[in-house]
Amino acid sequence: MRILAIETSCDETAIAILEIENKTKIKVLANCVSSQIKTHAPFGGVVPSLAAREHAKNISFVFESALEKAEIKNIAKEIDLITVTSGPGLAPALLIGIAFAKGLAFKYSKPLIASNHMEGHIYSNYLAKADDLSEIDIKEMNKPVIHLIVSGGHTEIVLTKKPGQYKIIGETQDDAVGEAFDKVARLLGLGYPGGPEVSKRAQEFKKSILDKPITLPRPMAKSKDFNFSYSGLKTAVLYKVKELKEKNPNLDDKIINEICYEFQEAATDVLVDKTIGAAKKYKVKKIMLSGGVSANKRLREKLSLKALGEGIEYGQPEMEYTTDNAAMIGIAGFMKYQNSKNKKFDWRKVEMDANLSL
Ligand code: KG4
Ligand code: ZN
């Protein structure tokens, strides 16, 4: 079967086409993403009304590109199922994708499945690179996993007993970790989105040129739960920058690199320790990372090494599925389809839920 998947929950207009054989072999035929980074960059974050406007402007072009890439000529004959992100996300942005999906489902009389964006991030781990074949092993998927989902909107540790059975066992009490990367980048005068910029600068750091090297707190590192807090860490960076600017109003590039390095270490230390702690407490032998911040090399390196040291299996998504994309929504929709007895999925029943949880 072939699935057409649509994702517009935040600032990426994304459409993917997946081909599924024998219910287990998945091939991503197209994974098209139109990013709105340039639109939101001057604001240092995503502006919901602008995101919706850009989705409405670009969605038909992204749709045509996906059809062309997947060589789909006749939607009525070649597509079996449509799926769209119904939440969580920005309400005006989600509505554009949902309205577009409903229009297609009505026109071509296709079933339409509402997919959960976070579930999409979880399933992104199971997708091979576009055009490669991924073989999903249902037996393997039914084993418990601790998922660390880190993005611009979420920082969650999720215990998955099996697909569809989720328990959030820890989450941020304030800012998401990706949001903290973006805010720190902004106060250092770096570009948007901040994650890639901060991590690039952190890699350039070698040795402190200050009398006292910069140290930042590891928020909630000692709390006995699996929750996080990132707003205090961002404020600590703000005070550090103020203090340094009092001595020299133009921050030296090397000092900016050092701040980025120490911020990245502080932010990722807590993520790694709590995720490993959760796996140990719940006696789970597998950890998986996902979400936009899972593109962070240092986080991948630290979490994989620590998991290995503890004898825990580790998984991470291919780079093209770290930030928002529709291929992950396609596999989430497929799993929902697979696990349902009634395969009708009437498009009239699909509703937006911006606050949807797992
Ligand atoms: O999953 P995503 O595309 O969108 C949301 O659902 O939020 O995640 C975007 C977030 C942004 O905050 C961005 O700064 C962060 O992921 N990000 C990174 C990196 N690449 C993207 N954070 C740290 N290091 C990176 N390399
Ligand atoms: Zn996301």
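Everything below is about the structure printed above this text.
These remarks concern the structure in this document. (Residues numbered from 1 in each chain as written. Chains lettered and ligands numbered in written order. Predicted model: local features only at pLDDT ≥ 70, side-chain atom pairs only at ≥ 80, totals over all residues. Heavy atoms only, no water.)

1. Side note on the sheet that holds strand S4 (residues 81–87)
Selection criterion: When DSSP locates at least two bridges between a pair of strands, those strands are taken to pair. The numbering of helices and of strands both runs from the N terminus, where a helix is a DSSP run of H or I of at least 4 residues and a strand a run of E of at least 2. Orientation is described by lines fitted to C-alpha atoms, with helices fitted over the stretch in contact, and by angles between N-to-C directions that extend from 0 to 180 degrees.
Reading across from one edge, S5-S4-S1-S2-S3-S6 is the order of the 6 strands in this open sheet, with mixed pairing throughout. Each edge of the open sheet is held by one strand with a lone partner, namely strand S5 (112–116) and strand S6 (133–135). Taken pair by pair, the neighbouring strands of this sheet meet at an average axis angle of 30°, ignoring direction. The pairing of strand S3 (residues 25–35) with S6 spans 3 bridges and is classified as antiparallel. Across the sheet, the residue bridging to Lys27 is Leu133, located in S6.

2. So, the environment of Ala101
Rules: Should any heavy atoms of two residues lie within 4.5 Å, those residues are counted as being in contact.
Here Ala101 lies in helix H4 (residues 91–108). The residues contacting Ala101, other than those within four sequence positions of it, are Ile6, Ile82, Val84 and Leu112.

3. Re the sheet that holds strand S7 (residues 145–150)
The mixed open sheet is built from 5 strands, whose spatial order is S9-S8-S7-S10-S11. The two strands at the open ends of the sheet, each matched to only one other strand, are strand S9 (165–171) and strand S11 (313–315). Averaged over all pairs of adjacent strands, the angle between strand axes in this sheet comes to 25°, irrespective of strand direction. One ladder, built from 4 bridges, connects S7 with strand S10 (residues 286–290); its direction is parallel. Considered in S10, the bridge of Leu148 is made with Leu289.

4. Quick look at the coordination of the zinc ion (ligand 2)
Note the cut-off: Shown as donors are all N, O and S atoms within 2.8 Å of a metal ion, widened to 3.2 Å for Na, K and Ca; because water is not in the atom set, sites may appear incomplete. Sites are called tetrahedral only when four donors show all angles between 85 and 135 degrees, square planar or octahedral only when four or six donors show opposite pairs over 155 degrees and all other angles between 65 and 115, and irregular in any remaining case. For every residue, the accessible area (1.4 Å probe, protein chains only) is compared with the maximum for its type, and the residue is labelled buried under 20%, exposed over 50%, or partly exposed between those bounds.
Around the zinc ion (ligand 2), the protein contributes the donor atoms His117 (NE2), His121 (NE2) and Asp324 (OD), at 2.1 to 2.2 Å from the metal centre. Coordination at the zinc ion (ligand 2) is irregular, judged from the 4 donor atoms that bind it and the angles of 92 to 150° they form at the metal. Mapping the donors of the zinc ion (ligand 2) onto the primary sequence gives the spacing H-x3-H-x202-D. Here His117 is found in helix H5 (residues 117–123), whereas its partner Asp324 is found in the loop between S11 and helix H12 (327–338), with 207 residues between them in sequence. The class for His117 is buried, based on a relative accessible area of 6%. When its relative accessible area of 14% is taken as the criterion, Asp324 is described as buried.

5. Considering the packing of helix H10 (residues 253–281) against helix H11 (residues 297–309)
As a reminder of what qualifies: Crossing chirality is assigned from the near helix's rotation relative to the far helix, an anticlockwise turn below a right angle marking it left-handed and a clockwise turn marking it right-handed. Nonpolar residues are Ala, Val, Leu, Ile, Met, Phe, Trp, Tyr, Cys and Pro. Charged residues are Asp, Glu, Lys and Arg, and all others, Gly as well, are polar.
Where H10 contacts H11, the axes come no closer than 10 Å and their chain directions differ by 30°. Crossing of H10 over H11 shows right-handed handedness. Taken together, the residues of H11 that come into contact with H10 (itself represented by Gln264, Glu265, Thr268, Asp269, Leu271, Val272, Asp273, Thr275 and Ile276) are Arg298, Leu299, Lys302, Leu303, Lys306 and Ala307. Looking at the contact of H10 with H11 residue by residue, the class counts come to 6 nonpolar, 3 polar and 6 charged.

6. As for the pairing of S3
When strand S2 (residues 12–21) meets S3, the two strands line up antiparallel, connected through 10 bridges. Counterpart to Ile20 in the pairing with S3 is Ile26. Between the end of S2 and the start of S3, which pair antiparallel, lie 3 residues, with Asn22 showing a positive phi angle near 50°.

7. Some words on helix H2 (residues 48–70)
The periodicity of an α-helix, 3.6 residues per turn, causes residues three or four places apart in sequence to face the same way. What counts is decided by this rule: Bending is quantified residue by residue as the angle between axes fitted to the seven-residue window ending at that residue and the seven-residue window starting at it.
Bending of H2 peaks at approximately 45° at the position of Asn58. Those residues of H2 that fall on the buried side of the exposure criterion are Leu50, Ala51, Ala52, Glu54, His55, Asn58, Ile59, Val62, Phe63, Ala66, Leu67 and Ala70. Looking at the buried residues of H2, the elements they touch are strand S1 (2–7), S2, S3, helix H1 (37–40), helix H3 (75–78) and H4.

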